[in-house]
Number of protein chains: 2
Amino acid sequence: MTEIQTPSHTKHRLVVVGGGFGGLEAVYNLRNVDIDITIIDQRNHHLFQPLLYQVATSTLATSEIAWPIRHLVRKYKNVKTLLGTVDNVDTAARTVSTADGETIPYDTLVLATGARHAYFGHDDWEPYAPGLKTLEDATMIRRRILTAFEKAEREPDPARRMEYLTLVIIGGGPTGVEVAGTIADLARDTLKGDFRVIDPAEARVVLIEGGPRVLPAFSDDMSAYAKRALEKLGVTVHLGHPVTECHADGVEFGGQSLRAKTIIWAAGVQASPAAKWLNAPSDRAGRVVVKPDLTAPDRPEIFVIGDTATVPNGGKGTVPGIAPAAKQQGKHIAETIKARLGGDQTPRPFVYRHAGDLATIGKRAAVTDFGWIKLKGYLAWWLWGLAHIYFLIGVRNRLAVALSWLWISVSGVRSARLITQRDAVDEIEAEAR
Amino acid sequence: MTEIQTPSHTKHRLVVVGGGFGGLEAVYNLRNVDIDITIIDQRNHHLFQPLLYQVATSTLATSEIAWPIRHLVRKYKNVKTLLGTVDNVDTAARTVSTADGETIPYDTLVLATGARHAYFGHDDWEPYAPGLKTLEDATMIRRRILTAFEKAEREPDPARRMEYLTLVIIGGGPTGVEVAGTIADLARDTLKGDFRVIDPAEARVVLIEGGPRVLPAFSDDMSAYAKRALEKLGVTVHLGHPVTECHADGVEFGGQSLRAKTIIWAAGVQASPAAKWLNAPSDRAGRVVVKPDLTAPDRPEIFVIGDTATVPNGGKGTVPGIAPAAKQQGKHIAETIKARLGGDQTPRPFVYRHAGDLATIGKRAAVTDFGWIKLKGYLAWWLWGLAHIYFLIGVRNRLAVALSWLWISVSGVRSARLITQRDAVDEIEAEAR
């Protein structure tokens, strides 16, 4: 096995691509080690993705769930942060390159570049059915949802009005369930009384899941509870029929057509291009097939973690693409790097510990499944809230999000109901600069 | 004089175009009157413009200063809110028309459509020097400011690095002063320690005012204090030379060239197209020259108020284009409309009461001038803060903004430092829908 060596006169250079849960956790666990760390991300902020759907549904503001990466690591003097888009890795020369032509050398590389939406060969559906992975996705979906109600208010034709009031969510995993429940809440509670022509509670919220159950990773009884809770909120749940067509006017599934002006994609993700950069074996979703110690095959100096890797889960399939898994992997490779720097090159296989599953359905119900304890309903919702606030970064943000949720709970008012347009001037800007 | 009459079998129809300070104040004061009110705005939200510069400088989040109009008026059963862009008024038929082809009839019309940036015949400067009138302006400027520091961090050439670290504000009125002071704060306090290559405190913040003083509407000593306070914060203030050229690489003024990658326009506004719609006399900035009772000449059923009107100020020039003035006018015309509905058609001239002027310079200093009392420095800043919180709408928002300011005051942390890109998918969306 190749030893990881650095010329003794320079510090070990670690490059971490991606400032999400995996990348940041790795950096955090190496903050006191005498090496040079460079984080590169194509965005300036770390995004708390589990709450992104709340920006999309006007519950939270963008700044409550995203924080500048360089600010989060400002106290770690060994860490430099660069805003840039990595577009390739030269594994022979041991450099990464960015889209604007910079080359950054590494001794150890961590690729933690996450995932984006996957449309299973139907990329042409993307304009009609946006997914929810970035802040821009969230504000765009928010705009579409709110504008749909605005257009319904002005639409004299009842059939067209119903199209504006029909919102479809594709995909019955946690994201789809959470989005559907929150839109139902928005329509029935938050927007009640704000309109004069329409009754927002007439909005038809439809969740379409291709498989037999919502929340397929949860236990059967949790899954059944979630379906009932959704239906109690007025969501129509269709199971067992994947969407076969998707266009500007609606969707087709199981032989029927459903006309809808708002469609949200929550049905699948694919990995970042890390596997292409490394020329490494990948699975159907493009995730790098890593070794048990989370390194790329034949490249022990390269770690690949989080949603962009497919990690064996002790014989029980693969590790799920969720935030706690990415954090565990980030911590694990940090320990491996420390061991190596101390001279110990033994491979350290990663063992995933699944804490539990959480999903909310609207603002009064949730399911949580920790194996030894399962909770449903209001108590679960509180636990869900506490867990998310705990994992948020920073006291100020915890306070702000807690205030937002408390306010919504008490008054029903969602403060983040803004329709913002894209900048017209920006298009000119893109040419001018 | 023409009596305002309505057929006795239908309610009086009031249409208010514009949900800003003027329009909303008018509606609020007519909420208990038995008429049909329709508010039309091209945005879904009311924007608290006095604090917009704080979004642009990462101090506040967008949702802390903007609220959905229909939500603000939800309890007023006589008020309907429509999202739409008015593009013309048919004064003979008494209808307004919207860009998407709807025609809305009125018995009384209020045009409160505000202002946008004016470039004094240099509209080609707009892409390089955006102004600050909408939320999109603010998030775009925020992106440019933060990206400038990010680019400086990666720029090896010292001259180019200095261009990224040079930020120019054009216009020394309250907006320009407030933006310049806050950017200086951002560079020297908030971003300190976040970068490894650059020292953000090296940023050159330059304020260029064509006239002899900053804050020209304030008294001489307040103006002098503000200039000193800016310079103490590290802002370079150039007076007496208007900008003569503005392009992607910088500006020219007073015979010199200044290379800068970030330029912000705070030097002038022009009215909305209300004067064109009415074919009414207008001033150089396009504002409708209204009669003393705020009606359009020869059209007593049409009121024009706020930034889109030029209102005589009792022989002392014209009423300033500030929020309190718009609110006073909104209240005044509401009273006029009530009087008319009661049978009294006497014209009621508007008398403006100027309360005072407020401007902040960074987070520790301000000038306030209420005539009978002038304050400078820290005390003024607290008064400024209280006044703005008071005028904000809603307890929740007051709490949120107070929390943001308190946090910044205590910890220096600005929570709204997000660089968000425009939606790529949106361009496809615009064609698809």
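Residues numbered from 1 in each chain as written. Chains lettered and ligands numbered in written order. Predicted model: local features only at pLDDT ≥ 70, side-chain atom pairs only at ≥ 80, totals over all residues. Heavy atoms only, no water.

As recorded in an unreviewed UniProt entry, chain A goes by the name NAD(P)/FAD-dependent oxidoreductase, listed as coming from Phyllobacterium zundukense.

A. The overall build of chain A, seen in detail. Within chain A, the secondary structure is distributed over 12 helices and 25 strands. Rg of the C-alpha trace for chain A: 23 Å, near the compact-globule value of 22 Å for 433 residues, within the 12% margin. The proportion of buried residues among the 433 residues of chain A is 58%. Contacts in chain A between residues far apart in sequence, at least 24 positions, make up 64% of those at least 6 positions apart. Summed over all atoms, the accessible surface of chain A reaches about 17,400 Å², with 53% contributed by carbon and sulfur. Looking at chain A, you have 51 positive and 48 negative side-chain charges, and the mean spots of the two groups are 6 Å apart. (Helix = DSSP H or I, 4+ residues; strand = E, 2+ residues; numbered from the N terminus. Rg over C-alpha atoms; globule rule 2.2 N^0.38 Å. Buried < 20%, exposed > 50% of the residue type's maximum accessible area, 1.4 Å probe, protein only. Contact = heavy atoms within 4.5 Å. Areas by Shrake-Rupley, 256 points an atom, 1.4 Å probe, with all protein chains shown as cover. Lys, Arg positive; Asp, Glu negative; His and termini not counted. Charge placed at Lys NZ, Arg CZ, Asp CG, Glu CD.)

B. Representation of the pattern of salt bridges in the model. Inspection of the entire model under this criterion finds 35 salt bridges over all chains. Of the charged contacts, one joins Asp307(B) and Lys133(B) as a salt bridge, the two residues approaching to 3.6 Å between their closest N and O atoms. Residue Asp307(B) is found in the loop between β21 (299-304) and β22 (309-310), and its partner Lys133(B) is found in the loop between β10 (115-117) and α4 (135-154); the two are separated by 174 residues along the sequence. What you see here is one network of salt bridges that share partners, running through Lys11(A), Asp34(A) and Asp36(A). (Salt bridge = Lys/Arg side-chain N within 4 Å of Asp/Glu carboxyl O.)

C. The arrangement of the sheet that holds strand β7 (residues 95-98) of chain A in detail. Residues and elements named next belong to chain A. Taken in spatial order, the 3 strands make up an open sheet running β6-β7-β8, and their pairing is antiparallel. The open sheet terminates on both sides in strands that have one partner only, identified here as β6 (86-90) and β8 (103-105). Put simply, the sheet's adjacent strands are angled 25° from each other on average, direction ignored. As judged from the 4 bridges shared by β6 and β7, these two strands associate in the antiparallel manner. (Pairing = 2+ DSSP bridges. Axes fitted to C-alpha atoms, helices over the stretch in contact; angles between N-to-C directions.)

D. Inspection of helix α9 (residues 323-341) of chain B at higher detail. Residue and element names in this part refer to chain B. Taking 1.5 Å as the rise per residue, α9 with 19 residues should run 27 Å; its terminal C-alpha atoms sit 27 Å apart, in good agreement. What α9 keeps buried is the set Ala323, Ala325, Ala326, Gln329, Gly330, His332, Ile333, Ala334, Thr336, Ile337 and Arg340. After α9 finishes, the residue Gly343 shows a positive phi value of roughly 105°. (Expected span 1.5 Å × (residues − 1).)

E. Representation of the side chain of Glu64(A) within the structure. Tracing the chain through its elements places Glu64(A) in the loop between α2 (52-56) and β4 (66-68). Reaching out from Glu64(A), the side chain makes a polar contact with the backbone nitrogen of Ala61(A) at a distance of 2.7 Å. (Polar contact = N/O pair within 3.5 Å; in protein donor to acceptor, adjacent residues only side chain to side chain.)

F. Local environment of the packing of helix α1 (residues 21-29) of chain B against α9(B). Residue and element names in this part refer to chain B. One can describe the packing of α1 onto α9 by two numbers: an axis separation of 7 Å at closest approach and a directional angle of 35°. Like other packed secondary-structure pairs, α1 and α9 cross with a definite hand, here right-handed. Side by side, α1 and α9 meet where Phe21, Gly22, Glu25, Ala26 and Asn29 of the first sit next to Ala323, Ala326, Lys327, Gly330, Lys331, Ile333, Ala334, Glu335 and Lys338 of the second. The residue inventory of the contact of α1 with α9, partitioned by class, reads 6 nonpolar, 3 polar and 5 charged. (Left-handed = near helix turned anticlockwise from the far one by under 90°. Nonpolar A, V, L, I, M, F, W, Y, C, P; charged D, E, K, R; others polar.)

G. Spotlight on the sheet that holds strand β20 (residues 295-296) of chain B. Residues and elements named next belong to chain B. If you walk across this open sheet you meet the 6 strands as β5-β2-β1-β9-β21-β20, and the pairing is mixed. What marks the edges here is a single partner per strand, and that holds for β5 (79-83) and β20. Pairing of strand β2 (residues 36-41) with β5 involves 5 bridges; the strand directions are parallel. By the bridge assignment, Ile39 is partnered in β5 with Thr81. Sitting on the sheet, α9 is in contact with β1 (13-17), β9 (108-111), β20 and β21, with an inclination near 155° to β21.

H. Looking closely at helix α4 (residues 135-154) of chain A. Between the first and last C-alpha of α4(A) there are 29 Å, a value that for 20 residues agrees with the 28 Å anticipated at 1.5 Å per step. With respect to burial, α4(A) is a largely interior element, 19 of its 20 residues being buried.

I. Broad picture of the pairing of strand β12 (residues 204-209) of chain B. Residues and elements named next belong to chain B. Of all the 6 residues making up β12, 5 are buried; the element is thus mostly covered by neighbouring parts of the structure. Across 5 bridges, the pairing between strand β11 (residues 166-170) and β12 is parallel. Pairing of Ile169 across the sheet is with Leu207, part of β12. A crossover links β11 with its parallel partner β12, the connecting element being helix α6 (residues 174-190), and its sense is right-handed. In this sheet, strand β13 (residues 235-239) lies alongside β12 in parallel orientation, the contact comprising 5 bridges. Bridge pairing in β13 places Val206 opposite Thr236. At this point the chain moves from β12, through helix α7 (residues 220-232), to the parallel β13, and the crossover so formed is right-handed. (Right-handed = clockwise from strand over helix to strand, strands pointing away.)

J. Region of the structure containing a negative patch on the surface. A cluster of acidic residues, Asp123(B), Asp124(B), Glu245(B) and Glu252(B), forms a negative patch at the surface. Looking at the secondary structure, you find Glu245(B) in strand β14 (residues 243-247). (Patch = residues over 30% accessible without salt bridge, like charges linked within 9 Å, V, L, I, M, F, W, Y side chains within 5 Å.)

K. Examining unusual backbone geometry more closely. Phi is positive for Phe120(A), which is not a glycine, with a value near 50°. You can see Phe120(A) is positioned in the loop between β10 (115-117) and α4. Phi at Asn279(B) takes a positive value of approximately 55°, unusual for a residue other than glycine.

L. Representation of the environment of Gly377(B) in the model. The residue Gly377(B) is located in helix α10 (residues 377-391) in this model. The contacts of Gly377(B), once residues within four sequence positions are left out, are Tyr225(B), Arg364(B), Ala365(B) and Ala366(B).

M. Representation of the packing of aromatic side chains within the structure. Inspection of every chain in the model, using the stated rule, returns 14 aromatic pairs over all chains. Ring centres 6.2 Å apart and planes at 40° place the aromatic pair Phe149(B) and Phe195(B) in the tilted group. With Phe149(B) in helix α4 and Phe195(B) in the loop between α6 and β12, this residue pair connects regions lying 46 residues apart in the sequence. Phe195(B) shares its class with Phe149(B); the two are buried. Cluster of aromatic residues (ring-pair linked, three or more members): Tyr119(A), Phe120(A), Trp125(A) and Trp265(A). Its guanidinium or amino end placed over the ring of Tyr28(B), Arg31(B) lies 4.0 Å from that ring's centre, counting from NZ or CZ. (Phe/Tyr/Trp six-rings, centres within 6.5 Å; stacked < 30°, edge-to-face > 60°. Lys NZ or Arg CZ within 6 Å of the ring centre and 35° of its normal.)

N. Examining the environment of Glu153(B) more closely. Checked against the element boundaries, Glu153(B) lands in helix α4. Considered as a pair, Glu153(B) and Arg196(B) are 43 residues apart in the sequence and their alpha carbons are 7.5 Å apart. Contacts of Glu153(B), omitting those with residues within four sequence positions, involve Arg70(A), Lys80(A), Thr81(A), Leu82(A), Phe195(B), Arg196(B), Val197(B) and Ile198(B). A polar atom in the side chain of Glu153(B) sits 3.0 Å from the backbone nitrogen of Ile198(B).

O. Quick peek at the side chain of Glu25(A). Locating Glu25(A) in the fold gives a position in helix α1 (residues 21-28). Lys327(A) provides the closest opposite charge to the buried, unpaired Glu25(A), separated from it by 4.0 Å.

P. The confidence of the model for chain A, seen in detail. Residue and element names in this part refer to chain A. Summing up the model confidence of chain A, the mean pLDDT is 88 and the portion of residues at 70 or higher is 92%. Below a pLDDT of 50 lies the segment residues 422-433, which in the model reaches 28 contacts outside its immediate sequence neighbourhood of four places, other chains included. We note a pTM of 0.85 for the whole complex and an ipTM of 0.81 for its interfaces. (pLDDT = per-residue confidence, 0-100.)

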